[in-house]
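Understanding the architecture of this molecule
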Amino acid sequence: MPVKLHVEDLAARRGEDLIFHDISFVLRAGEALVVTGANGSGKSTLLRALSGLLPPETGRVRIEGAGSPNLAESSHYLGHRNAMKRELTVGENLVFWQDFMGDSPDGNGLPVDVAIEALGLSGIGHLPFGYLSAGQQRRMAMARLLVAYRPVWLLDEPTAALDASADRMFAGLVRIHLEKGGIVVAATHQPLGIDGVRELRMTGFAGVGDVI
Amino acid sequence: MIALFLRDLKLSVRAGGGALIGVLFFMTVVAVIPFGVGPDLNLLSRIGPAILWIGALLACLLGLDRLFQAEREDGSLDVMLMQETPLVLTVLVKCLAHWTASGLPLVIASPLLGLFMNMNEVAIGATMLTLLVGTPAITFIGAVGAAVAVALPRGGLLVSILVLPLAIPVLIFGVSAAYAAVEDPAPFLPPFLILIAITLFFAVIGPLAAAAALRSSSD
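Just so we're clear, the structure is a prediction, and the values are computed from it rather than from any experiment.

All right, on to the overall build of chain A then. Per the secondary structure count, chain A includes five helices and nine strands. Listing the helices and strands of chain A from first to last along the sequence gives β-β-β-α-β-β-α-α-α-β-α-β-β-β. For chain A, the C-alpha radius of gyration of 17 Å lies close to 17 Å, the compact-globule estimate for 212 residues. Its C-alpha atoms put chain A at 45 × 35 × 35 Å along the principal axes.

Next up, the structure:
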């Protein structure tokens, strides 16, 4: 059964301020949504509200066709921080996340060495994560998306700190994920390099987001 | 879950992990006591179990504040919060790994330090046994403090202050059981069983409360 993501009248608050309200959209399998907007317009807050890490003020988020109706359990969240331990090697980090997260019932993650290869970093899997450069660390954080399967990817500025070739490679990974019937929601300043994505422009501070 | 346990153990023995800091602190505290108290062997052997327990309690508190803070700083906590695995279970496994890395070495080091305090074999054995049973409770209680203070920079002192009052019963029953083993009229079993009960009680309450605190602190 193809997945389908419903977001209805979502509003979220940070402290006293209502950051956004009345955000509604539906994404079907194979669709991507790019969230754009100025700094502080609420892109990250929207992604955290979707991932369940920030309780939404109103509205609801649900997913059909995945293992559980709870979006948090059916999605990967790639935030500003990489969720990798500097003291462990790249391989150990990825093996841990693979074991800990497991796969969603409707798909399979890649073996760790294949994932490292897919990110173009083969040969450095034995190094401690802390030895890598910022761009390499970011790429390794993306490898986490591949080792455990989740139908929905929630990406917050995924390509910050990446060079142009890594940008293209990441666009390729996103395209493969969409072709497999996944859903991607990405907050970004740079274009993802994928055709046919929808765009949600955040205007910030209780402004209304427009789905284009 | 075993993956999480092994990862936390690995982290605690690698650079910056701090598993040994607790033991070193424990040794330092106990080793300086004879110099401060003076060479009165009878006095040393009388206060020995209490000193070992106080040292172990403080050493247990030392590394607790990093239990969840390190996970939060690198973003791992977000991923853990989103999983299907109940957060309570994740917290419990993290506590067990933390105890294995920093509590168990204290128990193992305690007989050596008991010799410093001129304790006899029975007293050393009893203290070691009570530490083995009692220190997990301190970790479970500490997990609650660590979860409450997870978002605070320099929360270490706050964790200790939050946790210490709750850890006092562990200290009381641990020390009284250790004394009961060497002093004749007092029975050993009742305080020891209460100590076990405290540990089991906090093994349930601690992870539940810590998981609730972590959920509400995520933003």
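Now for the nonpolar core. A143 of chain A together with A56, A143, A146, A147 and A210 of chain B are the most contacted members of the largest nonpolar core, which has 125 residues in total. Of all the elements, helix 7 (residues 121-148) of chain B adds the most residues to this core, at 14 residues.

On to the packing of helix 6 (residues 87-116) of chain B against helix 9 (residues 189-217) of chain B. Residue and element names in this part refer to chain B. Two elements in contact, helix 6 and helix 9, have axes whose closest approach is 8 Å; the angle formed by their N-to-C orientations is 115°. Helix 6 and helix 9 meet at a crossing whose hand is right-handed. Taken together, the residues of helix 9 that come into contact with helix 6 (itself represented by L87, V88, V91, L92 and C95) are G206, P207, L208, A210, A211, L214 and R215. Among the residues making up the contact of helix 6 with helix 9, the classes are represented as 10 nonpolar, one polar and one charged.

Residues and elements named next belong to chain B. The first and last C-alpha atoms of helix 7 sit 41 Å apart over 28 residues, in line with the 40 Å expected at 1.5 Å per residue. At L132, helix 7 shows its maximal bend, which comes to roughly 30°, and the proline P136 appears one to four places after that position. Of all 28 residues making up helix 7, 22 are buried, and the element is well covered by its neighbours.

Moving on: the sheet that holds strand 2 (residues 17-28) of chain A. Residues and elements named next belong to chain A. Read from one edge of the open sheet, three strands run 2-1-4, paired in antiparallel fashion. Across the chains shown, the open sheet's two edge strands, defined by having one partner strand only, are strand 2 and strand 4 (58-64). Each strand axis lies, on average, 15° off the axis of its neighbour in the sheet, ignoring direction. Direction of pairing for strand 1 (residues 4-14) relative to strand 4: antiparallel, over a ladder of six bridges. Bridge pairing in strand 4 places H6 opposite R62.

The next subject is the interface of chain A and chain B. Counting from both sides, the interface comprises 20 residues of chain A and, opposite them, 20 residues of chain B. Looking at the side of chain A that touches chain B residue by residue, the classes come out as 10 nonpolar, five polar and five charged.

Criteria and cut-off values
Residues numbered from 1 in each chain as written. Chains lettered and ligands numbered in written order. Predicted model: local features only at pLDDT ≥ 70, side-chain atom pairs only at ≥ 80, totals over all residues. Helix = DSSP H or I, 4+ residues; strand = E, 2+ residues; numbered from the N terminus. Rg over C-alpha atoms; globule rule 2.2 N^0.38 Å. Core = buried A, V, L, I, M, F, W, Y, C linked by C-beta atoms within 7 Å. Buried ≥ 20, exposed ≤ 12 C-beta atoms within 10 Å, placed from the backbone. Axes fitted to C-alpha atoms, helices over the stretch in contact; angles between N-to-C directions. Left-handed = near helix turned anticlockwise from the far one by under 90°. Contact = placed C-beta atoms within 7 Å. Nonpolar A, V, L, I, M, F, W, Y, C, P; charged D, E, K, R; others polar. Expected span 1.5 Å × (residues − 1). Bend = angle between axes of the 7 residues up to and from the residue. Pairing = 2+ DSSP bridges.

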